[in-house]
Amino acid sequence: MTTVSASPTVHEVVPSAIIRLLKLLPWLLVAALPLALPGYEPLATQVFVMILFALSLDLLVGYAGIVTLGHAGLFGMGGYTAGIFSVHGITDPIATAVCAMILAAVTGLMFGAAMLRTKGLTLLMLTMASAFLLYEIANKATGLTGGEDGLQGVSFTPVLGLFAFDFRGKTAFFYSLAALFIVFIFVRALINSPFGWSLRGIRENDARMVAIGCPIMQRRIIVYVISSALAGLAGALQAQSTQFVALYSLSFELSGNILIMLILGGSGRLYGAFIGVPAFMFAQDLLAKQDPANWYLGQGIILIALVMLAPGGILGIAERVIDVIKRRRVRNGHRDS
Amino acid sequence: MILYLISVGLSVTMGLMGFVNLAHGVFAMLGGYATVTFMNRFGIPFLLALTIGCVLVAALGFVLERTLYRYLYGRSELDQVLFSFGLILVSVALVRIAWGPLAQPIQLPDYLRGRVNILDFALPAYRLALVGFGAAVIAGLWFVFDRTLFGARIRAAVDNRAMAQSIGIDTNRLFAAAFGLGTGLAALGGGLGADVLAISPTYPLQYIVYFLIVVAVGGLGNIKGPFVAALTIGLADTACRYFLPEAGSIFIFAFVFVVLIWRPNGIMERR
Amino acid sequence: MSFSKMIGAKLMRQAAIVVAALMLALVGLIPAEAQTIKVGVILTYSGRDAALGEQIDRGINLFVKLHGSELPPGVKVELIKRDDTGVNPDLAKRLAQELVLRDQVQILTGGQWTPNAMAVAALTKEAKVPFVAMTAGGSLVTLQSPYVVRTGWTMWQTSYPLGEWAAKQGWKNAYTVVSDFGPGYDSEAAFTKGFTEAGGTIVGSVRIPLKTTDYLPYFQKIKDVNPEVVFVWNPGGPQATAFMKAFDDIGITKSNIKLIGPLDITSDEELPNMGHSALGVVTLGQYSPAATRKTNVDFIAAWKKEYGADSVPTYFAVAGWDGMRAIYDAINAQGGKIDPDATMKFLHGWSNPNSPRGPIGIDQAGDPFQNLYLRRVEEKDGHLVNIEFATIGQIGDPWKLFNKK
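Residues numbered from 1 in each chain as written. Chains lettered and ligands numbered in written order. Predicted model: local features only at pLDDT ≥ 70, side-chain atom pairs only at ≥ 80, totals over all residues. Heavy atoms only, no water.

Colleague: Kindly report on the overall build of chain A, identifying the contributing residues and their values.
Modeller: Within chain A, the regular secondary structure consists of 16 helices and 0 strands. Since a compact globule built from 337 residues should have a radius of gyration of about 20 Å, the 22 Å found for chain A is in line with a globular shape. Dimensions along the principal axes, computed over C-alpha positions, put chain A at roughly 80 × 55 × 40 Å. Considering chain A as a whole, with its 337 residues, one finds that 57% of them fall into the buried category. Partitioning the intrachain contacts of chain A with sequence separation of at least 6 by distance along the chain shows that 77% fall at a separation of at least 24. (Helix = DSSP H or I, 4+ residues; strand = E, 2+ residues; numbered from the N terminus. Rg over C-alpha atoms; globule rule 2.2 N^0.38 Å. Buried < 20%, exposed > 50% of the residue type's maximum accessible area, 1.4 Å probe, protein only. Contact = heavy atoms within 4.5 Å.)

As structure tokens, this is what we get:
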């Protein structure tokens, strides 16, 4: 009689303290970037902000199954809040970031409560319309937002009174990285909580969730509000690190781009944002410089290929590869015993 | 009116195949490019160039449906959205490479320029022609869908594809043909509207929102819905710009938002 | 979630970050030579208004082709071009930041749009990099930082004298129509001040959002109000044609209402597209390719030789040309060693008596002072051109005069 013994998992072999240290390693590596590649801090900061934004979107698209083409509305809401506050004298970065989160959350609550009753194409259109509405309001309220000219005169006092924002971008770099880390811990805890699991349930089969007594509408609104707050935070960070806010942060283009970045990495898989965003932004940095047409072409082909061949994004591909390896190992294990 | 022409094709394809096709604007753009190129480079008169353009684009639509779109019918909305968005990007790039990044100039034939006097009102001839075309199209479409066998088959296939197939209707060919029709209509709208919605590589990205709005508000799968929607939105938008220019485009999106909440399936639901 | 899956994903992520870092390093590898002066050029190369960016770019390229060797021995100039894709101040700012930090440019130029130029100018204050803005017209641009000058024009230059002139023609009421962003507000304010101070009244005004495609509702209202003259401003290029066609459609061009505005509204390269609807429109501007002075005739000949007999240079191209002239002169004056403050000192007193537009210089505020010409669209040899019929002498930016601190 043969017994199949699974090879010892990593967890059993290595003490957990070292595991935790290993998990921190990538973060430390990234934090050391300014030493390795000076001059890239602004781009890296942009990447951190976008990852945060993509994480907030993942909560909706990947976990709750709510597809939105208007998430930039909340991002821009946060950005303009922080920017407008700073222009009118409230310049502490952390305070304005919190205010941005609150305002974005309120906006999300207002729109979400109205929109989330619908599904499918209608919901998609509503999310688009909501973002466009905010865009046009910002466009016209030039006294407040600067309209097409963008919000001039945005500046913030040093973080915690110690680290000033300069055009070299070092402060912005560490500040955004820290924020991203905190949000990451929070999101990870959220999706592994019972609440997070109920979201997955709602995404897969909401009729059944209702049958077991889950208040799905309430859950959807809650996750929408949380996601909006995080998106608003990303927007505020953007405003603070670039000392500028422009209409682009409310645009449909941004909503589309962030969705693509997320799907590229793989939605519903916590780390999808971390892979998709850098991949997208570095590809963009490389290709768009030569000729914008090349970038559009490349982006389009990648998208089509993604949809037809690899719906799980890069992480999806990785998972499939690992699956194949695992299955082969088990098969070999059978043969050996 | 141009919005209607382009959007009705989208309503047909989206309602018919249940496919969220963001790339519809691409076909309108191609129709525009075809028309303009035939006119400018080969000196072909406007209407003829327009017709050739429509036929060519419809053929392209037919081919694309058979080769690419059909694989994505069962997939989630998200996948369809991403796919069609990718299609937009690819075509934007190809068009830019072929025709350059600048907008295409178009010279309308003289009979479409200037103004026409009707009952004391001097109206721009071009706008009148567009309205006329729109009316002709809606009449034609209604005829096709309501009165012909082809139309009946399409309606059957939309209502219940499996049933339609079981009584011998070749739904695959039908869908491809309908898709061709939809894209041909888009090309018509693009070519006709080339003066107002300028033909440039970024065309599909700039105007996709408006097409989607007309379709979503009008309701999928029917012909009258988008017509009513386009008319209402167009009129309301024009009135708003005349009386309250400070409001800009705010109105149109607020309006759409409210309508969609009130009637999630569009103003004129199918049943 | 299975643990091995988590580990796999984490490893993938680490790998991704390392790969990303490597990619960054590759992109950043630009060999730095001793005497190569890098100039960052930020223009619009794609999108609806790419035509304007192309004009400036051609002006730059033509200058480099004809005069590029006029440098101190051993010194080379390298142009690094970036696309801001239109009015996108945040993107322009980031592009400028990257050009300064990553590519180590010593001079920035381009500055096609006022919002973009404002954002870049704000950056140069901290970064201390000279910025030669070419066609941004908002008066506030040169106030953003001591390191900005411009070689194009300002909106007040092309709008304020027009207001005075219009009132002198005996017109009593006017309606203003401008595009809804910075330069539009400037031109609206400038014309209004010039017109009302000389006795006229503004009977209405409207600002049209940049992304609008349908102008008819706005213009219908103007027609209903029936002013004697309509002052128009748009950024030129394809938008100018769209405006003119809409005026024609609504019947204003054939009525008694006069259309006037800064030179943008009758952009020379778009005149063929506008057709006869543009005949008789009076504009105020610093350059028309139809000018007969010798420096222009030579310039046009060189242009047509390079870009084809059908191609027409516009004031955008000339702004690019003069901008490069200023940059090269600054490089020569410092023997190839660029010091930001010395460069700015030089630029603030720079002049070019041989510009295709006539004599031009840069004043202490960083703005160009130059001749402004009143022009009318007329038909000449079967083509529509802007014919200069009067000159307003060398003036700087009127706004700065009125707002002296």
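Colleague: Run through the overall build of chain B, naming residues and quoting values.
Modeller: The number of helices and strands found in chain B is 11 helices and 2 strands. Seen in sequence order, chain B has helices and strands lined up from the N terminus as α-α-α-α-β-β-α-α-α-α-α-α-α. A buried classification covers 56% of the 271 residues belonging to chain B. Considering only residue pairs separated by 6 or more positions, chain B has 71% of its internal contacts joining residues 24 or more positions apart. Carbon and sulfur atoms form 67% of the exposed surface of chain B, whose accessible area is close to 11,000 Å². (Areas by Shrake-Rupley, 256 points an atom, 1.4 Å probe, with all protein chains shown as cover.)

Colleague: Tell me about the interface of chain B and chain A, and please be specific about residues and values.
Modeller: Counting residues at the interface gives 41 residues for chain B and 38 residues for chain A. Surface buried jointly by chain B and chain A totals about 3,400 Å² across both partners, of which 86% is contributed by carbon and sulfur atoms. The interface formed by chain B and chain A contains 0 salt bridges. When contributions to the side of chain B that touches chain A are tallied by element, the ones reaching two or more residues are helix 4 (77–99), helix 9 (203–218) and helix 11 (250–262) of chain B. Of the residues forming the side of chain B that touches chain A, the biggest block, 16 residues, is contributed by helix 4 of chain B. Residues of the side of chain B that touches chain A, tallied by class, amount to 33 nonpolar, 3 polar and 5 charged. (Buried area = accessible area lost by both parts, 1.4 Å probe. Salt bridge = Lys/Arg side-chain N within 4 Å of Asp/Glu carboxyl O. Nonpolar A, V, L, I, M, F, W, Y, C, P; charged D, E, K, R; others polar.)

Colleague: Account for the packing of aromatic side chains, naming residues and giving values.
Modeller: Across all of its chains, the model carries 32 aromatic pairs over all chains by this definition. Where Phe 191 of chain C meets Phe 231 of chain C, the ring centres are 4.2 Å apart and the plane angle is 10 degrees; that geometry is what we call stacked. Taken together, the positions of Phe 191 of chain C in helix 6 (residues 182–197) and Phe 231 of chain C in strand 8 (residues 229–233) put the pair 40 residues apart, joining distant regions of the chain. An aromatic cluster of at least three residues, connected via ring pairs, comprises Phe 63, Phe 299, Trp 303, Tyr 307, Trp 321 and Tyr 328 of chain C. Looking at Arg 200 of chain A, its charged tip hangs above the ring of Trp 197 of chain A, at a distance of 3.9 Å from the centre. A cation sits over an aromatic face here: Lys 193 of chain C above Phe 402 of chain C, 4.5 Å from the ring centre. (Phe/Tyr/Trp six-rings, centres within 6.5 Å; stacked < 30°, edge-to-face > 60°. Lys NZ or Arg CZ within 6 Å of the ring centre and 35° of its normal.)

Colleague: Any chance you could break down the sheet that holds strand 4 (residues 131–133) of chain C for me, citing the residues and the numbers?
Modeller: Residues and elements named next belong to chain C. What the 5 strands build is an open sheet, ordered 2-1-3-4-5; its pairing is parallel. Two strands in the sheet have a free side with no partner beyond their single neighbour: strand 2 (76–83) and strand 5 (148–150). On average, each strand axis in the sheet is inclined to that of its neighbour by 25 degrees, with strand direction left out of account. (Pairing = 2+ DSSP bridges. Axes fitted to C-alpha atoms, helices over the stretch in contact; angles between N-to-C directions.)

Colleague: For the pattern of salt bridges, give the residues involved together with the corresponding values.
Modeller: Residues and elements named next belong to chain C. Applying the stated rule across the entire model yields 19 salt bridges over all chains. In this structure, Asp 57 and Lys 81 form a salt bridge, with 2.9 Å as the shortest nitrogen-oxygen distance. Here Asp 57 is found in helix 2 (residues 50–67), whereas its partner Lys 81 is found in strand 2, with 24 residues between them in sequence. For Lys 81, a relative accessible area of 28% puts it in the partly exposed group. Close ionic contact of Lys 400 with Asp 397 constitutes a salt bridge, the shortest N to O distance being 3.2 Å. A single network of salt bridges, built from pairs that share partners, joins Arg 150, Asp 367, Asp 397 and Lys 400.

Colleague: Tell me about the side chain of Ser 311 of chain C, residues and numbers included.
Modeller: Here Ser 311 of chain C shows up in the loop between helix 10 (294–307) and helix 11 (315–333). With residues up to four places along the chain from it excluded, the contact list for Ser 311 of chain C reads Arg 58, Trp 303 and Lys 304 of chain C.

Colleague: So what's going on with the environment of Pro 368 of chain C? Which residues, and what values?
Modeller: Residue and element names in this part refer to chain C. Locating Pro 368 in the fold gives a position in strand 13 (residues 368–380). Counting along the chain gives 329 residues from Pro 368 to Val 39, while the straight-line C-alpha distance between them is 21 Å. The residues contacting Pro 368, other than those within four sequence positions of it, are Arg 150, Thr 151, Gly 152, Trp 153, Gln 157, Ile 360, Gly 361, Ile 362, Ile 395 and Gly 396.

Colleague: Quick rundown of the pairing of strand 3 (residues 107–110) of chain C? Include the residues and the values.
Modeller: Residues and elements named next belong to chain C. Burial along strand 3 is two-sided: the face carrying Ile 107 and Thr 109 and the face carrying Leu 108 and Gly 110 are both buried. One ladder, built from 3 bridges, connects strand 3 with strand 4; its direction is parallel. By the bridge assignment, Thr 109 is partnered in strand 4 with Val 132. At this point the chain moves from strand 3, through helix 4 (residues 114–127), to the parallel strand 4, and the crossover so formed is right-handed. (Right-handed = clockwise from strand over helix to strand, strands pointing away.)

Colleague: With reference to specific residues and values, describe the environment of Cys 240 of chain B.
Modeller: The topology assignment puts Cys 240 of chain B in helix 10 (residues 224–243). For the pair Cys 240 of chain B and Arg 70 of chain B, spaced 170 residues apart in sequence, the C-alpha to C-alpha distance is 42 Å.

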